[in-house]
Every structure is written in C-alpha cells, then in structure tokens.
Protein chains: 2
Amino acid sequence: MNTEDKTNQIADFFSELHKNLHSKIRPYEDSNFFIEDEWKKENLGRGTSIVVDQGSFFDKAGINFSRISGESLPISSVGNKDNSVDMPFFATGVSVVFHPNNPNIPTAHLNVRYFCTFKDGQIFEEWFGGGFDLTPYVLFEEDCINWHKAAKKACDSTNEKLYKAFKKNCDEYFFIKHRKEHRGIGGIFYEKYKAESLDDGLKLSQDVCEAFTNSYIEIIEKRKNLEFEERDKEFQKFRRGRYVEFNLVYDRGTLFGLQTGGRIESILMSLPNDVAWRYKFDDNLTEKEKNLYKFVREPKDWIDGT
Amino acid sequence: MNTEDKTNQIADFFSELHKNLHSKIRPYEDSNFFIEDEWKKENLGRGTSIVVDQGSFFDKAGINFSRISGESLPISSVGNKDNSVDMPFFATGVSVVFHPNNPNIPTAHLNVRYFCTFKDGQIFEEWFGGGFDLTPYVLFEEDCINWHKAAKKACDSTNEKLYKAFKKNCDEYFFIKHRKEHRGIGGIFYEKYKAESLDDGLKLSQDVCEAFTNSYIEIIEKRKNLEFEERDKEFQKFRRGRYVEFNLVYDRGTLFGLQTGGRIESILMSLPNDVAWRYKFDDNLTEKEKNLYKFVREPKDWIDGT
C-alpha cells in the first residue's frame, strides 16, 4: 500500500471515531444548537468541526476531526530534540472539549491522534498521541475514581504498564505552573507513543476514545439533574479562567494549531463562553470549593486511593 | 548617592505617579468597590495593587505599583541578545488596565517603568519602558485622534522624533498574530529607551502617565452617558476574549511577571470578568462592529489622517 492510501485509511479510521463520539453525545443537547462545519485550508488539510455555542446543555462543546499535512513539523508537537522536527508530516485525529452549563458536570477533554513524518516519499517515523482529562467544578470522588478506572481499562487492553505512565504524564502536562495547580483531576496523556503495530495504535486510540465517551456519559447521567446555586455558577465561571490560562499559556496542542496556521475557530473552540477573572476570588471559598482545591493542588492515585 | 538611595528615590517617583493616577480615576467608581492591597513577596519586592472587581463603572480595573529586584533579569523583558540578560536587576513602575462596563468606553492600558541592572555593586545599565494603548468596542474616530494627539504631545516634550517610532512599535507589539488583528487602535510603546538623563526619563514617564490619564478621562466624560444594547455587551464580551488571547499568548509584560515569580493576582488583574469565546461570532457582525474591524486590522496614522 502506498503512503497516501495508508494515511487516507488512518484518517478515515479517526473520522469514524469522531462520528461515533458525536452520535453518542448528541442526545444530551437540543439538536438546534449543533453547528457542523466541514472546512478546508489550502496547503494544510481539512476537517469537520461540530460545535455547540451557548446551548441548553453545553455552554460550549467542540467535537473536531482533522487531517492535515505540512512541510515542516513544528517543535511544539514533539520537542526540539526530536528526530522528526522540521520534517514533512501528516497528522490526523479527533479532539473534543465539553463545557457543560451545569457546574455539577465537569469540563472534559479528549484528544487522539496519529502522526507520521516522511523522508524520500516513505514514512520515516510514525506515532500516536492522545489522552483525556477531567476538570470538575464540584468534586465527586466517585466520578474521579470511575474516570480513572475507565482510563486504566482502556490502557490495559493494550499493555498493563501504560496507565501508570500515561497517568503520571497527564498530571505533569496539565499543570498550570504560575498557579501551582493542575487543570483538574487528570486522566491519561501520551505524546509520542510508538505502538507495536499500526493496528495496535489504532486500537488504543479507539479504546481511549470510547472509554472517554462512556465514562463522561456516565457522569452526565449521574449529575445532570442536580440543582445548583448562583454561587456555583460564579465559581465555575471563575475556574474556567484557569482552563483558559492553561490552554493559552501552556498547551502544546493549541500552540501546534496556531503554529501550523490551523483553523483558529476549531483550535480555540476549547475556550468557554462564560468566563470571569475575579480578583482574589479564591481567598474566600466555601468548604465545597476548598475541597476541590485539595485535589487540583496535589495529584492523587485514584485507583489505589492514595 | 549610593545605588540603593537612587533606586529608592526612583521607586518613590513612580509611586507618586501611581497615587496621582488613582486619585484622578477614583471619582468615576463607587468608592466601595476599590480594593487596595499592599503586598510584599520575599526575595522579590513589594507593591500596591488597587483593584475594582465587578464595580458599577468598571467590570475590572487594576492600578498597580511595584518595585522589585532579582538575581537574574529574564529574557522576556529585553530579548535574548541583550547585554543585561541574566544580570541582577531592579525594576519599578506603574501598570494600569481599565475595563469599563459601558461598551462605548474602550478598554485602556498604561505602563511606565524604570529598569536597571548591576555589576560589582554599581549600575551597569539603566533604561525606561512604557506606553499606552486603547482597545475600543465601538469606534469613535474623534476619540482615537485625540488619544494619539495626547500621545504625541507627551513624546514631543522630550523629543519630537519619539512619537513616530513609539507609535509604530505599539502597532507592532500589540498584534495578535493568529488573528491577524491588532489589540486595538494603538498608542505608543517603548521597551528599552535610554533617556539622555535620569531626569529626562522620569519626566517622559510622568508625561506619558498624565497624557494617558487625561486623555482617557476625556473619553469617559464624552461616552459615559451613551446608552447601549444587549448586542453591544455581547460584542464587548466577545472582543474581550481577544484581549485575553493577547495578554496570555504574547504579552512580554505578563510573561515577565510570571517568570519573575510575581504576584499572580496583580499580573492577571489585566484580565476582565465577563468574557466569552463565541464560535464564529465575527461571521455575522453589524455595520458598526465591522467598522471597528477595519481599524484593528490595519493600523492608521491617526494624526495625519492616513
């Protein structure tokens, strides 16, 4: 199979993951709020962005598929000492961010992707990246435990050593250095994972994607009817500011998108609608809010309970 | 005079500018909303942050004075080829951001500062930085012209060549590359200005500070009673997202603060309370809104009218 057929097949595989995820989430939002955009950018690639903007269930939701290629792989995607930096590349994947209105339901993020670089018309190197993480506004320990159990199960089916490494990597990556806080309670994250085979890598991507979707839907079902007060909304708006800080200051995925001249609307669909940077808001927190801070300040082993 | 007495005197000078600016702005906000924080950070320095958070006139206002020193001047403040990088340094200055509630009144920013670095207990190099820029949500050409005239006058009293260079520098600096947009309609900006004498540099700082305050108050007086619609607020919230994007992705001042371990609450007081990242919001703009875009996409010579 030539490289073009191969990368097309891989892109189709991720496109299927995208469709499945979309169809599973769709029942939770009034269908009038879904905006579906097929986009193309010359000398870059194409994608499908499905967005909810000020919906009845989601403040903002972005479900994005893309397949792009370029002449020079940016450092932001692999680090400056990598063999593949500056080489011609192909990348395809799914990235998802959910910002629900109800503060009892966390913000959630998923990304699964395939990368390869080329030399002399052949694939030089190929790898997978991805993961998912959860950003609660109200902490339900049960949800965090289930989230991590789902992550572990998805990893275990490929290799029982993966979860521990990916979980640690997630805690390190989603860290807001200037706040000394993590973005949330983590999950899994892997940046340059060389699978044993292409099929193994695709299967891991699928397992991760499905674990994310099912686990998030489980949380939605449990929390969607919980009531909340004005103060909970205010706290959520404030904490969303941290989310924006992470994405704009530290996130290599965002930087990669901006550096490759990606579609801005699709890259920044991760940013919510209703955000407030209040002054010293965290000096006067309620007990419930303080409880959340315990968990974002110090990562926890959710499965072993330490 | 020893270096400590000298830097103390300079800090006192900027502290006076801070007090004057504060007292001139104070009448526009209900005094109950002003929060005044004297802060100290060990191995860094001290400052005074005066903040309005969800006030009746300001969504957010920050009027900050600080004097800090450190063992190693970060690259973010001068660029990596500068003689003073990594040297022990002292810095003092005033930084101000106003985000009014009424979208007819622009967001405005000012910064004036003094820096020096040390070698063998003596001052090795010293310079001034600063400037101000305006971010309108509704464009009143008259206000932009007056704003730039005030900037020019402040520069001219030191040297008639300065305005042109500082104006150009401002247009280049406050540019949101991924949006291909400027943060607003500019003003002046200078990063490492070596004044003819210390007194000249202090006088420029004072002139810039006063021009900013007087010119901004003139705008407030003209626009504060203008009514606005829900749509104007929505557009303002959306455009504030661009302000956040600039400050978190590009602003060297913000980066400098975060890298020197500054007081986060004072550094990020530049970020407003009511922000929304709407999806493709700028695809359907009103004529009034489109008019604003013309001016943020292409800098204009406001004084000569080209």
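These figures come from a predicted structure and were not determined experimentally.

A.B. asks: I keep staring at the relation of the copies chain B and chain A and nothing clicks. Help me out?
C.D. replies: Comparison of the two chain copies shows a relationship of rotation about an axis with a shift along it. Rotating chain B by 180° and moving it 0.0 Å along the rotation axis overlays it on chain A with an RMSD of 0.0 Å. One copy is carried onto the other by what is essentially a two-fold rotation axis. Among all residues of chain B, the minimum C-alpha distance to the rotation axis is found for Val275(B), at 2.6 Å. When the interface residues of chain B are mapped onto chain A, 100% of them again fall at the interface, so both copies present the same face.

A.B. asks: Got a minute to help me understand the pairing of strand E3 (residues 58-70) of chain B in this structure?
C.D. replies: All names here are of chain B. Of all 13 residues making up E3, twelve are buried, and the element is well covered by its neighbours. Bridge count for strand E2 (residues 45-53) against E3 is nine bridges, and the pairing is antiparallel. Bridge pairing in E3 links Gly 45 to Ile 68. The turn linking E2 back onto E3 is made up of four residues, and Gln 54 within it adopts a positive phi angle of 55°. Across twelve bridges, E3 lies against strand E4 (residues 89-100) in antiparallel orientation. Its bridge partner lying in E4, Asn 64 is registered against Ser 95.

A.B. asks: Just to check I follow, could you spell out the packing of aromatic side chains for this structure?
C.D. replies: In this description, a pair of aromatic rings is defined by centroid distance and the angle of the planes. Enumeration according to the criterion identifies 54 aromatic pairs over all chains in this entry. An angle of 45° between the planes, with centres 6.3 Å apart, marks the rings of Tyr28(B) and Phe57(B) as tilted. A residue pair is termed long-range when its members are at least 10 positions apart, and Tyr28(B) in the loop between helix H1 (3-25) and strand E1 (34-41) and Phe57(B) in the loop between E2 and E3 qualify at 29 residues. For Tyr28(B), a relative accessible area of 17% translates into the label buried. Judged by centre distance (6.1 Å) and plane angle (65°), the rings of Phe89(B) and Phe256(B) are edge-to-face. Here Phe256(B) lies in helix H7 (residues 252-259) and Phe89(B) lies in strand E4, a separation of 167 residues in the sequence. An aromatic cluster of three or more residues is present, and its members are Tyr28(A), Phe57(A), Phe58(A), Phe98(A), Phe132(A), Trp147(A), Phe212(A) and Tyr216(A). Over the face of the ring belonging to Phe34(A) we find Arg26(A), whose NZ or CZ atom lies 4.3 Å from the ring centre.

What counts, and at which threshold
- Within each chain, residues carry numbers counting from 1 in the order of the written sequence.
- To label them, take the chains in the order written and letter them from A, then take the ligands in the order written and number them from 1.
- Reporting in this predicted model follows two pLDDT cut-offs: at least 70 for local features of residues, and 80 or more for side-chain atom pairs to be given and counted; totals over whole chains, interfaces and linings ignore these cut-offs and use all residues.
- Where side-chain values are given, they derive from all heavy atoms of the structure, hydrogens and water being excluded.
- Least-squares fitting of one copy onto the other uses the C-alpha atoms of those residues that reach a pLDDT of at least 70 in both copies.
- The contact criterion used is simple: two residues touch if any of their non-hydrogen atoms lie within 4.5 Å.
- The buried label goes to any residue with under 20% of its type's maximum accessible area, the exposed label to any with over 50%, and the partly exposed label to all in between, with areas taken from a 1.4 Å probe on protein chains only.
- Segments assigned H or I by DSSP are reported as helices when at least four residues long, segments assigned E as strands when at least two residues long, and all are numbered from the N terminus.
- Paired strands, as defined in this entry, are two strands with at least two bridges between them according to DSSP.
- When two rings of Phe, Tyr or Trp (its six-membered ring) have centres within 6.5 Å they constitute a pair, described as stacked for plane angles under 30 degrees, edge-to-face for angles over 60, and tilted for the intermediate range.
- Criterion for a charge above a ring: Lys NZ or Arg CZ within 6 Å of the ring centre, and within 35 degrees of the ring normal.

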